[in-house]
Amino acid sequence: MSAPFNAPHDAALYRMICTEIEEKLRRAADTYIDHFPHVSTLPAEGLRYPAEENKIWTCSFFPGMMHLAYRRTGDAFFLKHSREYLASFQHRLDTRTGISHDLGFLYTLSSVALYKLTGDKRARDLALAAAGVLTGRYNEKGRYIQCWGEVGKGNPYVKIIVDTMLNLPLLFWAGEESGDPRYAEIARAHAFTASETLVRKDYSSFHSYLMDPVTGRAIEGRTHQGFHDDTTWARGQAWVVTGYALAYAYTKEPRFLEVSRKAAEVFIDNLPADNVPYWDFSFSDRVPDLRDTSAASIFTCGLLELACQIGGEEAERYRAVARTVVRSLYDHYFLHDPDRLGLLTDAIYHRVHGPTCVIWGDYFFYETLMRLLENGRYFW
Ligand code: GLY
């Protein structure tokens, strides 16, 4: 059972945490230029982020944090490597390295962000090119975006996953930027299909769903990183809340708002006493396991997006929940060491890896703080 959601708005605290984060970013800036943080080492090995080649789905989160820092502070220091980031992401697209549905995460935070901040035309063109490649993963018959694997390779089935919801903003943005309606049509169609398959009738979620690529038929729900096919993976549920809130922001489609809201209630109902979720909702304070702080920080971002969209008392409630979760994250899971980049301990990538920092949890924690301070949508 969660504790009451009563943390007050504390702008001075949020600013102080942002300043702590920005100090970490300053110290890490020259370490991650074309190799990027992903998942840290374990606590016993110091929770440090190795610098990984630009091949993984998470490589844009560090540039994204630098872009957030520039947006908040206006300090050009945070753009000092933006040209190198862009060159690295250009090379990645040109060589089709590590291509999957995650082009949205990758090119929203590396390229759309830079374009929105500086008007850099190369960043715009790169993001549009990435959006074009992402549309190539769309299956017309099934009305979905295939997450992994090459498209059209004769597999008897392929997968869709809830995480894709955060890749759709790249398509919505590309549609607005280019004037070509097909980008948004694909994003809408995928969001509808996911709402009928990955989102269960009670608004909990499957992580993945098997699809027949020839007929487009939806086969059955599965998990990839959750505890079991029929349980709810906490981070997946957070992707649902935030992804549908963003899809609603672009489309004003009532079904997307309904999914985000109801999925948020499922998330809230599964918060334990310290308001930071276990990594899968089959665990609770009665049957505890490891937390996933990254699910918490994605969820708080989504709640604040929802609050922007709806206003009124319900928005105030979402903000109170977000503030309370943030307070718990900061009080119990924040890594106070300017020389270690990781912000939040106790995140889970795959359960077998154990508790680490993960760069996307850090990114969404920072974005949440900025949203608490100024209510923006930033780069999505
Ligand atoms: N998108 C992959 C994950 O959330 O782990």
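Every chain is numbered on its own, with residues counted from 1 as its sequence reads. At least 70 in pLDDT is required for a residue's local features to be given in this predicted model, at least 80 for side-chain atom pairs to be given and counted, and no such filter applies to totals for whole chains, interfaces and linings, which use all residues. Side-chain numbers come from the whole structure's heavy atoms, not from hydrogens or water.

Peer 1: Looking at this structure, I do not really get the overall build of the chain. What am I missing?
Peer 2: Scanning the chain for helices and strands turns up 12 helices and seven strands. Taking 380 residues into account, the globule formula puts the C-alpha radius of gyration at 21 Å, and the chain, at 19 Å, falls close to it. Along the three orthogonal principal directions, the C-alpha set of the chain runs to about 55 × 50 × 45 Å. In the chain, which comprises 380 residues, the share counted as buried stands at 61%. Within the chain, contacts between residues separated by at least 24 positions form 69% of all contacts whose residues are at least 6 apart in sequence. Surface exposure of the chain reaches about 14200 Å², of which carbon and sulfur atoms provide 49%. Secondary structure elements are taken from DSSP: a helix is a run of H or I of four residues or more, a strand is a run of E of two residues or more, and numbering for both begins at the N terminus. Each radius of gyration is computed over the set of C-alpha atoms, and the globule rule expresses the reference value as 2.2 Å times the number of residues to the power 0.38. Here's how the labels work: a residue is buried when its accessible area is under 20% of the maximum for its type, exposed when over 50%, partly exposed in between, all with a 1.4 Å probe on protein chains only. Whether two residues are in contact is decided by their heavy atoms, any of which lying within 4.5 Å being enough. Accessible surface is estimated by sampling points in the Shrake-Rupley manner with a 1.4 Å probe; for residues, cover comes only from the protein chains shown.

Peer 1: Looking at this structure, how should I read the site of the ligand?
Peer 2: Near, as used in this document, describes a residue that has one of its heavy atoms within 4 Å of the molecule or strand being considered. Around the ligand, the surrounding shell consists of Trp57, Asp163, Gln225, Trp233, Arg235, Trp239 and Tyr349. Identification of polar contacts relies on pairs of N or O atoms within 3.5 Å, with a donor-acceptor requirement for protein atoms, meaning one able to donate a hydrogen and the other able to accept it, and with residues adjacent in sequence counted only if both atoms are side-chain atoms. Asp163 is positioned such that a nitrogen or oxygen atom in its side chain is 2.7 Å from a nitrogen atom of the ligand. The separation between an oxygen atom of the ligand and a polar side-chain atom of Gln225 is 2.8 Å. In the complex, 95% of the free accessible area of the ligand, which totals 200 Å², lies under the protein chains. Its residues placed into classes, the shell around the ligand shows four nonpolar, one polar and two charged. Classes in brief: Ala, Val, Leu, Ile, Met, Phe, Trp, Tyr, Cys and Pro nonpolar; Asp, Glu, Lys and Arg charged; the others, Gly included, polar.

Peer 1: What's the story with the packing of aromatic side chains in this structure? I'm lost.
Peer 2: Note on aromatic pairs: each is described by the distance of the centres and the angle between the planes. The aromatic pairing rule takes the rings of Phe, Tyr and Trp, using the six-membered ring of Trp, and pairs them if the centres are within 6.5 Å, calling planes under 30 degrees apart stacked, those over 60 edge-to-face and the rest tilted. Taken as a whole and judged by the stated rule, the model has 31 aromatic pairs. Consider the rings of Trp57 and Tyr349, whose centres lie 6.4 Å apart with planes at 40°: the pair is tilted. Of the two residues, Trp57 sits in the loop between β2 (52-53) and α2 (61-73) while Tyr349 sits in the loop between α11 (312-333) and α12 (359-374), which places them 292 residues apart along the sequence. Trp57 sits in the buried class, given a relative accessible area of 15%. These aromatic residues form a ring-pair network of at least three members: Trp57, Phe61, Phe105, Trp239, Tyr349, Trp360, Tyr363, Phe364 and Trp380. Look at NZ for Lys and CZ for Arg. If either is within 6 Å of the ring centre and within 35 degrees of the ring normal, a charge sits over the ring. Positioned above the aromatic ring of Phe77, the side-chain terminus of Arg26 is 5.1 Å from the ring centre. One Lys or Arg, Arg200, reaches over the ring of Phe206 and ends 4.1 Å from the middle of that ring.

Peer 1: Would you mind showing me how to read the nonpolar core here?
Peer 2: Among soluble globular proteins, nonpolar side chains are generally buried collectively. Within this scheme, the nonpolar core is defined by two criteria: the residues are buried Ala, Val, Leu, Ile, Met, Phe, Trp, Tyr or Cys, and they are joined through side-chain atoms within 4.5 Å. Ranked by size, the top nonpolar core spans 136 residues in total, and within it Ile21, Leu25, Trp360 and Phe365 carry the most contacts. It is helix α8 (residues 234-251) that provides the largest number of residues to this core, a total of 11 residues. Apart from residues no more than four positions distant in its own chain, Trp360 is found in contact with His38, Val39, Trp57, Thr58, Phe61, Arg235, Trp239, Ser294, Ile298, Ile348 and Tyr349.

Peer 1: Looking at this structure, I do not really get the packing of α11 against α12. What am I missing?
Peer 2: For any two helices packed against each other, one specifies the inter-axial angle together with the distance between the axes. Close contact between α11 and α12 brings their axes to 11 Å; oriented N to C, the two are set at 130°. The orientation of α11 relative to α12 falls into the category oblique. In this structure, α11 meets α12 at a crossing whose hand is left-handed. Facing α11, whose interface residues are Arg323, Val326, Leu329 and Tyr330, α12 presents Phe365, Thr368, Leu369 and Leu372. The class makeup of the residues in the contact of α11 with α12 is six nonpolar, one polar and one charged. Helix axes are fitted to C-alpha atoms over the stretch in contact, other axes to C-alpha atoms as well, and angles between N-to-C directions run from 0 to 180 degrees. If an angle is under 35 degrees, it is roughly parallel; if it is over 145, roughly antiparallel; if it lies from 65 to 115, roughly perpendicular; otherwise it is oblique. In a left-handed crossing the near helix is turned counterclockwise from the far helix by less than a right angle, and in a right-handed crossing that turn is clockwise.

Peer 1: I'm lost on the side chain of Glu367 in this one. Help?
Peer 2: For Glu367, the location among the structural elements is in helix α12. In terms of polar contacts, Glu367 uses its side chain to reach the side chain of Tyr363, at 2.7 Å.

Peer 1: What should I look at first to understand the sheet that holds strand β6 (residues 208-211) in this one?
Peer 2: As a general point, the strands of a sheet are linked pairwise by backbone hydrogen bonds and lie either parallel or antiparallel. Strand order across the open sheet formed by three strands is β5-β6-β7, with antiparallel pairing between neighbours. The open sheet is flanked by β5 (158-161) and β7 (218-222), the only strands paired with a single partner. For this sheet, the mean inter-axis angle between neighbouring strands, taken without regard to orientation, is 30°. Across four bridges, β5 lies against β6 in antiparallel orientation. Looking at the pairing, Lys159 lines up with Leu210 of β6. When DSSP finds at least two bridges between two strands, those strands are taken to pair.

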